[in-house]
Amino acid sequence: MTKLHPSETAWSMGDPACFEQPLRVDRRGFIARMSAISALAAGGTIALPRVAAAEETVARRGSARVAVGVRDAVADDVSEATLAEAITLIRSGRLTSSLLVEAYLDRIGAFDDTLQAFNLVLADAARSAAARAHGGRGALAGIPLAIKDNYYTAGVPTTANSYVFEGFVPPFDATAVARFKAAGAIVLGKTQMGPLATTRATTPNGTITTVNAWTPDDPGVNPGGSSSGSATSVAARMAASSVGTQTGGSITAPSNAQNLTGLKPTMGLVSLFGIIPLTYTRDHPGPLARDAMDAAIMLSVMAGPDEHDPRTQGLPAPTDYVLAATAVKAGSRSRCRYRTRVGYLPDYLAATGDTLAARQAFLAALTGIEGIEVVEVPHPDEYEVLMGSAFNDVRLPERSEPFLPSLQSDLRLFGVSVTSWLSGMLLGAGEYVRGQRAKQLILERLLEQTFTACDVVLQTDPSHFDRIGLPELALPIGFSSGGVPIGAILGGQPFSEDRLLAVAAAYQQVSDWHLRRPADPADDNPPEPIPLPERGGRRRFPRSASGTRTAAPARTERGQVSADDVMIESQ
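### What about the overall build of the protein?
Working step 1: Across its full length, the protein holds 19 helices and 13 strands.
Working step 2: In summary, the protein has a C-alpha radius of gyration of 22 Å against a globular reference of 25 Å for 571 residues, a match within 12%.
Working step 3: Structurally, the protein occupies a C-alpha span of about 65 × 60 × 50 Å along its principal axes.
Working step 4: Scored against the burial criterion, the 571 residues of the protein give a buried share of 61%.
Working step 5: Nonlocal contacts in the protein, meaning residues at least 24 apart in sequence, comprise 77% of its contacts between residues at least 6 apart.
Working step 6: Only carbon and sulfur atoms are counted for the fraction: they give 53% of the accessible area of the protein, which is about 20500 Å².
Working step 7: Of the charged side chains in the protein, 52 are positive and 59 negative, and the gap between their average positions amounts to 4 Å.

### Considering the state of the cysteines
Working step 1: Inspection of the entire model under this criterion finds zero disulfides.
Working step 2: Note on C454: no disulfide assigned, nearest cysteine sulfur contributed by C336 at a separation of 14 Å.

### Points about the nonpolar core
Working step 1: If you look at the biggest cluster of nonpolar residues, it comprises 151 residues, and the most contacted ones within it are L140, I143, F180 and L501.
Working step 2: Here the element with the most residues in this core is helix α4 (residues 97-115); it accounts for 10 residues.
Working step 3: Once residues lying within four places of it in the same chain are set aside, the contact partners of F180 are L140, L145, I147, A185, V243, M298, V301 and M302.

### Re the packing of α4 against helix α5 (residues 123-132)
Working step 1: Contact geometry for α4 and α5: axes closest at 8 Å, N-to-C directions at 160°. Considering their axes alone, α4 and α5 lie roughly antiparallel with respect to each other. Along this stretch, α4 crosses α5, giving a crossing that reads as right-handed. On α5, the residues that touch S97, S98, V101, E102 and L105 of α4 are A123, A126, R127, A130 and A131.
Working step 2: Of the residues belonging to the contact of α4 with α5, the class tally is six nonpolar, two polar and two charged.

### Focus: the environment of V377
Working step 1: Its place among the elements puts V377 in the loop between β9 (370-376) and α12 (383-386).
Working step 2: Under the relative-accessibility criterion, V377 is labelled buried at 2%.
Working step 3: The spacing of V377 and V342 is 35 residues in sequence and 9.2 Å in space, taken between C-alpha atoms.
Working step 4: Beyond its immediate stretch of four places on either side in the chain, V377 contacts G343, Y344, L345, P346, T450, A453, C454 and V457.

### With respect to the pairing of strand β12 (residues 485-492)
Side chains on a regular strand alternate between the two faces of the sheet.
Working step 1: With eight of eight residues buried, β12 is to be regarded as a mostly interior element.
Working step 2: Going residue by residue along β12, you find P485, G487, I489 and G491 tucked away on one face and I486, A488, L490 and G492 tucked away on the opposite face as well.
Working step 3: The pairing of strand β10 (residues 456-458) with β12 spans three bridges and is antiparallel. What sits directly across from L458, in β12, is L490.

### Let's talk about the pairing of strand β3 (residues 186-191)
Working step 1: Of all the six residues making up β3, six are buried; the element is thus mostly covered by neighbouring parts of the structure.
Working step 2: The sheet contact formed by strand β1 (residues 118-122) and β3 spans three bridges and is antiparallel. For L120, the partnering residue across the bridge sits in β3 and is K190.
Working step 3: Pairing geometry for strand β2 (residues 144-148) and β3, over five bridges, is parallel. Note on β3: the bridge partner recorded for A146 is G189.
Working step 4: Considered for its hand, the β-α-β crossover made up of β2, helix α6 (residues 175-182) and β3 is right-handed.

### Brief notes about a nonpolar patch on the surface
Working step 1: On the surface, a nonpolar cluster with roughly 370 Å² of combined accessible area is contributed by L411, L422, M425 and L426.
Working step 2: Along the chain, L422 falls in helix α16 (residues 418-426).
Working step 3: Take L422: its relative accessible area is 32%, and that puts it in the partly exposed class.

### A look at the packing of α6 against helix α9 (residues 292-302)
Working step 1: Between α6 and α9, the shortest axis-to-axis distance is 8 Å and the interhelical angle comes to 105°. Between α6 and α9, the angle falls in the class roughly perpendicular. When α6 is examined against α9, the residues A176, R179 and F180 are found in contact with a partner set consisting of M298, V301 and M302.
Working step 2: Residue composition of the contact of α6 with α9, grouped by class: five nonpolar, no polar and one charged.

### Some points on helix α3 (residues 83-92)
Working step 1: Of all the 10 residues making up α3, eight are buried; the element is thus mostly covered by neighbouring parts of the structure.
Working step 2: Every buried residue of α3 is listed here: L83, A84, E85, A86, I87, T88, L89 and I90.
Working step 3: Once α3 ends, the next one or two residues include G93, with phi positive near 85°.

### Focus: helix α7 (residues 228-235)
Working step 1: α7 sits mainly inside the fold: eight of its eight residues count as buried.
Working step 2: Listed as buried for α7 are S228, G229, S230, A231, T232, S233, V234 and A235.
Working step 3: One or two steps after α7, the chain reaches R237, where phi turns positive at roughly 60°.

### Quick word on the side chain of R558
Working step 1: Note that R558 resides in the loop between β13 (548-550) and α19 (563-569).
Working step 2: Of the side chains with opposite charge, E557 lies nearest to the buried R558, which makes no salt bridge, at 5.9 Å.

### Here's the deal with the side chain of T88
Working step 1: Within the secondary structure, T88 is located in helix α3.
Working step 2: Setting aside residues up to four positions removed in sequence, T88 forms contacts with V66, A67, V68 and V70.

### Examining the packing of aromatic side chains
Working step 1: Taken as a whole and judged by the stated rule, the model has 12 aromatic pairs.
Working step 2: Summarising the aromatic geometry, the rings of Y152 and F168 are spaced 5.3 Å apart at their centres and angled 65° between planes, so their arrangement reads as edge-to-face. With Y152 in the loop between β2 and α6 and F168 in the loop between β2 and α6, this residue pair connects regions lying 16 residues apart in the sequence.
Working step 3: Residue classification places F168 among the partly exposed residues on the basis of a relative accessible area of 25%.
Working step 4: Across from the ring centre of Y348, 4.5 Å away, lies the NZ or CZ of R359, which sits over that ring.
Working step 5: Positioned above the aromatic ring of W421 is the side chain of R399, whose terminal nitrogen or guanidinium carbon lies 5.3 Å from the ring centre.

The rules we used
Residues numbered from 1 in each chain as written. Predicted model: local features only at pLDDT ≥ 70, side-chain atom pairs only at ≥ 80, totals over all residues. Heavy atoms only, no water. Helix = DSSP H or I, 4+ residues; strand = E, 2+ residues; numbered from the N terminus. Rg over C-alpha atoms; globule rule 2.2 N^0.38 Å. Buried < 20%, exposed > 50% of the residue type's maximum accessible area, 1.4 Å probe, protein only. Contact = heavy atoms within 4.5 Å. Areas by Shrake-Rupley, 256 points an atom, 1.4 Å probe, with all protein chains shown as cover. Lys, Arg positive; Asp, Glu negative; His and termini not counted. Charge placed at Lys NZ, Arg CZ, Asp CG, Glu CD. Disulfide = S-S within 2.5 Å. Core = buried A, V, L, I, M, F, W, Y, C linked by side-chain atoms within 4.5 Å. Axes fitted to C-alpha atoms, helices over the stretch in contact; angles between N-to-C directions. Parallel < 35°, antiparallel > 145°, perpendicular 65-115°, else oblique. Left-handed = near helix turned anticlockwise from the far one by under 90°. Nonpolar A, V, L, I, M, F, W, Y, C, P; charged D, E, K, R; others polar. Pairing = 2+ DSSP bridges. Right-handed = clockwise from strand over helix to strand, strands pointing away. Patch = residues over 30% accessible without salt bridge, like charges linked within 9 Å, V, L, I, M, F, W, Y side chains within 5 Å. Salt bridge = Lys/Arg side-chain N within 4 Å of Asp/Glu carboxyl O. Phe/Tyr/Trp six-rings, centres within 6.5 Å; stacked < 30°, edge-to-face > 60°. Lys NZ or Arg CZ within 6 Å of the ring centre and 35° of its normal.

Right under this line is the structure:
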């Protein structure tokens, strides 16, 4: 392949508007901003520096014009539809929101006692909302979504799977949820999660709940991080898409574990207002979806400034993520929308067995895509030291501070995750300050060293970019010999979500991993698939979820996560 010069900023052929390059952001401004966010976490009140785009561009939201081809499999089973396919079918009148909701509620009624993806299913409310959605023109009109249980939902319990928030019913929606509703989406239910977002989904005392949709009979296969309920709901075709939060890999890890495409945005791109916090400088809300286009549609609705969250102020306007995720071709070949150097670190190919084979095949496939150059890049200076656990512990005081009244009144409220909250209370001010300095240093070195050699870098740890606010996209790249998904994580520069989506879309045009679905859990009387109305009618499934459905009791035979496990997992 022809070697691309780093100074090239646009395609030399085709419509310039069609191949518009993503924003180039002032790196120094972003570094200064992340430093200011750290100061905010320490209790200060300051104005955050603006991050100027190096090139002006018009922000365009493309979700309103989504129209994709619909696969034959969807005609026979509407739960098979991607988010983009469902939007296309509803807008064309070939599918109603009510029928799509019923398809998901049938599957929830049949399979969620086993999968335990949901804390709460709002079956009757979803049916009512679907009946009202006919003719809606919002970006997500009539689309049922699953919401992680740390997002505030007005009038609906929001517990974060914890004793601390047991019985809590917020009076308003999180900004992200409010934006979904304004776009016409339907909240189908709240998903299981790790207690206060610290581990895989368990009860507050650590009994394992959610299982990986690909291995429902083996709870030992981790479904991912704290957003595992959100991942399982989408992987098992019980929701069109979902949202999670990431502080230490909890969007990218469950997406990799369950064959999904998950996107953790740049710090500040999506508002955290109304989301129960874990770590002020590391929490990132984002979508868990079936492919790059679905993730782009979700992000288009979620992104943008919010007067309630200072982290979202003074940033470049969101770009056209749907355009970025729209695949393009050069003749019969896949072409990346933006010329991109994809870097891999020296330890990326240090894996073994099925993982190594999948990574090698992934790099080979990327090399075959026009416009992508694969290059090996070095770690920044002192990377292992600066990303080590000693500096990572600075997150713990940020975790403890908002919960001090609860910690002082009753430690039992924190259940299996209590150790990490206590550790945060014991970390000294000197250690905290040194950790913040280390974070700023590694961010500066990544931007000035690694990202001078590449535009996107493949990650070997799902949490490193969480510490410094940079975006990541997880996508499926294969399976183990045992049928467990294998994924990759692309890391980008500040506000380069459009480039990450473009690379993922180009790869998903030449692969089919993202189209594969897990087998349903064993059931003596499974629901019949619901076809499009043009293919026939629907037979009512007697076990379809109804009313307001709470989670099935946790199965003790699935095992227990200990406080030590939580600490090890969060290192």
